[in-house]
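# Structural characterization, general
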Amino acid sequence: MRVVIDGITKTFRDKKGREVTALNQIDFTIAQEEFVVLVGPSGCGKSTLLSIVGGLLSPTSGSVYFDGLAADHPEPRLGIVFQEIALFPWRTVFDNVVYGLQELGLSKDEIKKKGQHYIEMVGLTGFEQAFPKQLSGGMRQRAGIARALAIEPNLLLMDEPFSALDAQTRTLMQEELLTIWNRTKLSTLYVTHNIQEAVYLADRVIVLSRHPGQIKEIIHIDMPKVGRDNEQYREQFDAYAAQIWELIRHDAADALKEG
Amino acid sequence: MEGNRKHIKNRVAFLEAKVPRYVPFVGIAALILIWELVCRLGLVAPLYLPAPTSIVAAGWELFTVGNFIQDIGASLYRIVLGYALGACVGIIIGLLLGFSRWAEALGSPIIYSLYPIPKIALLPLIVLWLGIGELPKVTIIALGVFFPVVINTFSGVKNVDPTLVKAAVSFGSNHYNVIKKVLLPGSLPVIFAGLRLAAGTSLLLLVASEMIAAGHGIGSKVLHYGNLMLTTKLMVGIAVLSLLGLLFNRSLQWLENKLLPWK
């Protein structure tokens, strides 16, 4: 199985009625068990691209499809982790996590079992009956991740999931995400503007440029998935980060000027 | 050194001043006491302002000897039925208007042009259409409740975070479930504001409709005693209305706390 992003272009009209190309001819594939990170300066359309892949936005042209699924395979599932977290404030942690399972129409027993399993996986045991309001930002996003994992998706989509968190929580959550990912090995598309995060998590980093948003370069991260923050990989890690920063730097400076 | 210390004090302590629990009752008790005194001292004739104690006595008589209970029953029946009807229809229509752009484009001009009409002005028309039975009274109350509820529900739905709708859809919700599981709970706080607004309106319309055409009911009794200059009994009716309003508000508060534990 692989996910093909085939010639995605997205244009829209700005306030003055001019046509703006947000995304231009985006082509890439996400292989089975591959962790792909989209990175780029603000305004490069990375979140727009993720919304299109997630079926929350129509592209102007191009398509996204799953390739190589068995003919009798049910509709592929997408698990989305939102930047805004988007937990239902009126549902408890448990009821949020099992939302997708309920919509899939699973039995009560199955829902309970799976819900409990994924709550435990993200480390929320004991908080099942809490409302999102009662949790810290990091805990909320854990619930958001558990909700996406619970439906056992064919593709996991994460839209800057840790950008609302403080730097310390963010580092811890990245480590935890890696641990979780190694247990589930889901095909993943992850959007971030944080280069260190991209190098830390990705099998492949896709660097986008802006005006129009298109692929500037695709970089394979050739380091073992676990332990990239160890001393022995320091140099390699920094080289990747520097390479990506060089690619983005100019665009990011432009973005800053435009505000 | 000791003499040089300047302590910094909390200058916003008044924001979190603690008030003993009995204070709210003191205000009411004082008001009733002054009222009683004014009457006892003969400053105002009982015809214009009967003393609280005589109102209580008259009330006891009306409830035990008279059939005031029947009147309250008739009024309760009308208001509960009308309110429930108006609220349910209002919530359903409000959800649909908020959910579907088509429904909004079609329906909201109609709602907004009918909303400003004082419902009391429709009373003669409704009596003309539906006669003087229970139906016109329930209808006018339902109408009065419908508008604030429909408009609040609508704006509540519009204020639900669109990301939540996206989240629901991405986890497999169909349109019906988006309404039931996201838009309804998400707009419930604003719906309750509408329901509380409507509670006052419904009491007003209850009394008005009973004054126009009814044999039973608190409103008709208030008008009746007023015409006979039986001020004390009139005041019993008013006191019952005040208690009814209080009870109404309290029940809504209770329901809100029950339904919105996440707030």
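Everything below is about the structure shown above.
Summarised in this report is the structure supplied together with it. Fair warning: this is a prediction, and the values are worked out from it, not measured in the lab. (Residues numbered from 1 in each chain as written. Chains lettered and ligands numbered in written order. Predicted model: local features only at pLDDT ≥ 70, side-chain atom pairs only at ≥ 80, totals over all residues. Heavy atoms only, no water.)

Below, the discussion takes up the packing of aromatic side chains. With the rule as written, the count across this model stands at nine aromatic pairs over all chains. On the basis of an interplanar angle of 85° and a centroid distance of 5.1 Å, the ring pair of Phe-146 of chain B and Phe-147 of chain B is categorised as edge-to-face. Members of the aromatic cluster, joined through ring pairs, are Phe-88, Trp-90 and Tyr-99 of chain A together with Trp-262 of chain B. Note that Lys-181 of chain B overlies the ring of Tyr-99 of chain A, its terminal NZ or CZ placed 5.4 Å from the centroid. (Phe/Tyr/Trp six-rings, centres within 6.5 Å; stacked < 30°, edge-to-face > 60°. Lys NZ or Arg CZ within 6 Å of the ring centre and 35° of its normal.)

All names here are of chain B. End to end, helix H6 (residues 134-158) covers 36 Å across 25 residues, agreeing with the expected 36 Å (1.5 Å per residue, within 8%). Maximal helix bending in H6 amounts to about 25°, located at Phe-146; proline Pro-148 follows within four positions. Most of H6 is tucked away: 19 of the 25 residues are buried. (Helix = DSSP H or I, 4+ residues; strand = E, 2+ residues; numbered from the N terminus. Expected span 1.5 Å × (residues − 1). Bend = angle between axes of the 7 residues up to and from the residue. Buried < 20%, exposed > 50% of the residue type's maximum accessible area, 1.4 Å probe, protein only.)

On to the environment of Glu-104 of chain B. All names here are of chain B. Within the element layout of this structure, Glu-104 appears in helix H4 (residues 101-114). Since its relative accessible area comes to 22%, Glu-104 is described here as partly exposed. Glu-104 sits 116 residues away from Ser-220 along the chain, and the two C-alpha atoms are 40 Å apart. Look past the residues within four positions of Glu-104 in its chain and what remains in contact with it is Leu-97, Pro-109, Phe-154 and Lys-158. (Contact = heavy atoms within 4.5 Å.)

Here we come to the packing of helix H8 (residues 175-212) of chain B against helix H10 (residues 231-259) of chain B. Residue and element names in this part refer to chain B. At their nearest, the axes of H8 and H10 sit 11 Å apart, and the two run at 165° to each other. Of the possible angle classes, the one that applies to H8 and H10 is roughly antiparallel. Note on packing geometry: the crossing formed by H8 with H10 is right-handed. Every residue of H10 that contacts H8 at Leu-188, Phe-192, Leu-195, Arg-196, Ala-199, Ser-202, Leu-203 and Val-207 is listed here: Leu-241, Leu-244, Gly-245, Phe-248, Asn-249, Leu-252, Leu-255, Glu-256 and Leu-259. Residue composition of the contact of H8 with H10, grouped by class: twelve nonpolar, three polar and two charged. (Axes fitted to C-alpha atoms, helices over the stretch in contact; angles between N-to-C directions. Parallel < 35°, antiparallel > 145°, perpendicular 65-115°, else oblique. Left-handed = near helix turned anticlockwise from the far one by under 90°. Nonpolar A, V, L, I, M, F, W, Y, C, P; charged D, E, K, R; others polar.)

Scope: geometric values only; no functional claims are made or implied.
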